[in-house]
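Structural description and commentary
The primary structure of each chain is shown beneath.
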Amino acid sequence: MPAWLQSIIGNANKTEMPPTVSNPTPFGETQPTIPLYEEIPGFLQASYGPPSFGPPYGTTHMLGDWGGVQPWLQKRGLYLALDDYEDIAGNVSGGKRRAYSDAGQLGSTLDADLQKLMNAGSWSDDFWMHLLVVNGHGTNLSRLYGDNANQVQQIYGSRGNVVTHLVWAYFEKAWLHRKIDLAVGWFPSGTFFQNSPWVCNFMNVWLCGGESPTKFLPGSRGWPSGNIGGVLRVMPIRQFYLLGGLFAVSPHSYNGGISGWAWAQDNLGKLSTQVEAGWIPSFGRDHLIGHYKVGVMYDNSRYSDLYQDINGNSWVLSGLPVRRQSGQTSVWALADQMLIRHGTGELNGLVLGGYFGWGSGQTSQISQSFTAILMDTGAWWKRPLDSVGIAFLWSKFSRSAILSQEAAAASGLALPGGNYGTPYGIQGHEAIYEAYYGFHIVDGFTIKPDFQYVNHVGGTTVFRDAVVLSTAINVAF
């Protein structure tokens with residue numbers, strides 16, 4: 001067989017080897033051990049190759065193989081994980097007022113290998129079902145200190161005051177040695193699109209679970225908001241993939257209702273289309289891996305213009321009906337590159353990364369976002385399973401939003417809001433400076449202190465810049 005053809009269709013006679021675990025946990029640490037139980041196949045978890053298992057979960061367990069329960073379940077095709085995540089945070093200065101909160105969640109995932117479960121034939125090779133439910137609790141610190149545009153706590157938002165909030169429930173099937181993969185059901189689009197192995201290492205929600213501004217648009221609401229839809233991934237070689245997705249757009253404040261289980265919402269006739277292409281090179285003898293991707297989303301729904309009325313003037317001043325804009329678009333580019341390697345894992349080394357996103361400013365309060373990150377493990381000081389990182393996040397509020405706010409302020413009217421909440425003043429831009437250190441205590445148990453400096457709280461100069469200190473504790477049982 002020609003080498004070029006074999007590289008595309010794969011080698012059906014590969015020798016089965018024990019699974020090697022190198023899984024990004026909630027803070028991007030790696031677990032260079034071979035447990036008694038199997039790992040969940042990486043192709044099912046993320047478009048970029050390695051397992052991601054969705055924020056805030058990893059695939060390691062602090063309680064090991066549960067006294068033999070995990071191997072027993074997995075021999076029957078059932079992969080079960082339980083997780084508790086708590087983030088205790090407070091702004092020690094700045095903002096509307098001093099405040100603190102604990103925002104966290106309990107969650108459980110179930111991944112079922114349907115071929116093993118049903119004892120089915122070859123037609124069910126690489127046929128899986130995925131389920132993730134969470135129970136969120138706590139209060140939103142950013143809202144308490146006056147920031148309606150951003151959230152400094154990764155885990156807060158959109159879960160509702162319910163016992164179980166559904167994040168995803170979908171089927172996934174792969175063909176041709178996992179070169180083609182189809183996912184259909186209910187899941188956040190950010191599970192596949194706008195995802196990279198480092199985004200949830202950082203606390204700020206502008207990054208984790210999809211990036212701003214795309215994740216805050218109805219056509220691509222981020223984790224934990226699911227969407228009815230499907231994603232087709234074609235990955236002919238390990239270094240390249242192409243994604244295409246189609247999702248139903250919910251006109252309601254919450255996809256699937258407050259609990260995520262109400263799939264039969266009304267007015268779901270509009271669609272969001274997403275396309276992403278990715279290149280995953282590996283350079284040199286140290287295999288310095290990189291992830292480079294670009295994507296676009298188009299939603300054919302109609303949305304209210306943030307500034308114009310039906311005649312193109314300010315609706316705040318004229319009192320006329322708001323102009324309805326046809327369609328909403330966003331584009332994004334993510335890139336990261338390992339510069340120095342310290343181990344075999346996807347994130348075992350010094351990694352430089354960044355992100356840029358753009359959204360339709362006529363209908364989105366934030367029109368542009370930019371992020372730059374630098375992260376590493378603790379290998380330099382003999383703590384290879386620890387992680388450390390710094391980030392700069394910046395977002396610009398759209399011209400339409402600003403014009404509308406200026407018109408309202410000049411007339412003594414209340415400032416209008418949008419998809420990022422109601423502002424306390426005229427918005428311009430907001431910048432976040434973040435640094436964290438993740439301590440690996442034991443497998444499945446991590447503690448991460450985090451520092452964030454919030455410049456222009458809520459995109460305004462009404463309040464003093466805020467300093468936020470937090471500690472995240474994650475236990476994967």
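Just so you know, these numbers come straight off a predicted model, no measurement behind them.

The next thing to look at is the nonpolar core. Here is a general trend for soluble globular proteins: nonpolar side chains tend to be buried in one another's company. One finds Tyr145, Phe187, Phe192, Phe202, Met375 and Val454 to be the most contacted residues of the largest nonpolar core, which totals 53 residues. Setting aside chain neighbours within four positions, we find Val454 in contact with Tyr145, Asp147, Val152, Glu430, Ala431, Ile432, Asp465, Ala466 and Val468. Among the nonpolar cores identified, the runner-up in size contains five residues, and Ala103, Ile155, Met203 and Ala472 belong to it.

Here the focus is the pairing of strand β5 (residues 180-187). Alignment of strand β4 (residues 165-175) against β5, held across seven bridges, turns out to be antiparallel. In the sheet register, Tyr170 faces β5, and the bridge partner there is Gly185. Relative to strand β6 (residues 227-237), β5 runs antiparallel, the two sharing eight bridges. Pairing of Gly185 across the sheet is with Gly229, part of β6.

Sheet faces and side chains relate simply in a regular strand, where the side chains alternate between the two faces. Alignment of strand β15 (residues 429-442) against strand β16 (residues 445-455), held across nine bridges, turns out to be antiparallel. Bridging from a neighbouring strand, His440 pairs with Thr446 of β16. Once β15 ends, the chain turns through two residues before running back antiparallel as β16, passing Gly444 with a positive phi of about 85°. As paired elements, β16 and strand β17 (residues 466-476) share ten bridges and run antiparallel to each other. Its bridge partner being in β17, Gln452 is matched across the sheet by Val468.

Here the structure, examined in full by the defined rule, presents three salt bridges. Between Glu172 and Arg233 there is a salt bridge whose closest N-O contact spans 3.9 Å. With a gap of 61 residues between them, Glu172 in strand β4 and Arg233 in strand β6 connect regions that are remote in the sequence. Taken as a pair, Glu172 and Arg233 share a single burial class, namely buried. Among the ionic pairs, Asp386 bridges to Arg383, the shortest N-O distance being 2.7 Å. Taking the relative accessible area as the measure of exposure, Asp386 reaches 2% and is therefore buried. In this structure Arg383 comes out as partly exposed when scored by relative accessible area, which is 34%. Residues joined in a network through salt bridges with shared partners are Glu172, Asp181 and Arg233.

A separate point is unusual backbone geometry. Of note, the amide linkage connecting Ser212 to Pro213 takes the cis form, showing an omega dihedral of 0°. Along the polypeptide, Pro213 turns up in the loop between β5 and β6. One non-glycine residue, Gln194, adopts positive backbone phi at about 55°. Relative to the elements of secondary structure, Gln194 occurs in the loop between β5 and β6.

Calculation rules
- Residues numbered from 1 in each chain as written.
- Predicted model: local features only at pLDDT ≥ 70, side-chain atom pairs only at ≥ 80, totals over all residues.
- Heavy atoms only, no water.
- Core = buried A, V, L, I, M, F, W, Y, C linked by side-chain atoms within 4.5 Å.
- Buried < 20%, exposed > 50% of the residue type's maximum accessible area, 1.4 Å probe, protein only.
- Contact = heavy atoms within 4.5 Å.
- Pairing = 2+ DSSP bridges.
- Helix = DSSP H or I, 4+ residues; strand = E, 2+ residues; numbered from the N terminus.
- Salt bridge = Lys/Arg side-chain N within 4 Å of Asp/Glu carboxyl O.

These figures capture arrangement, not role.
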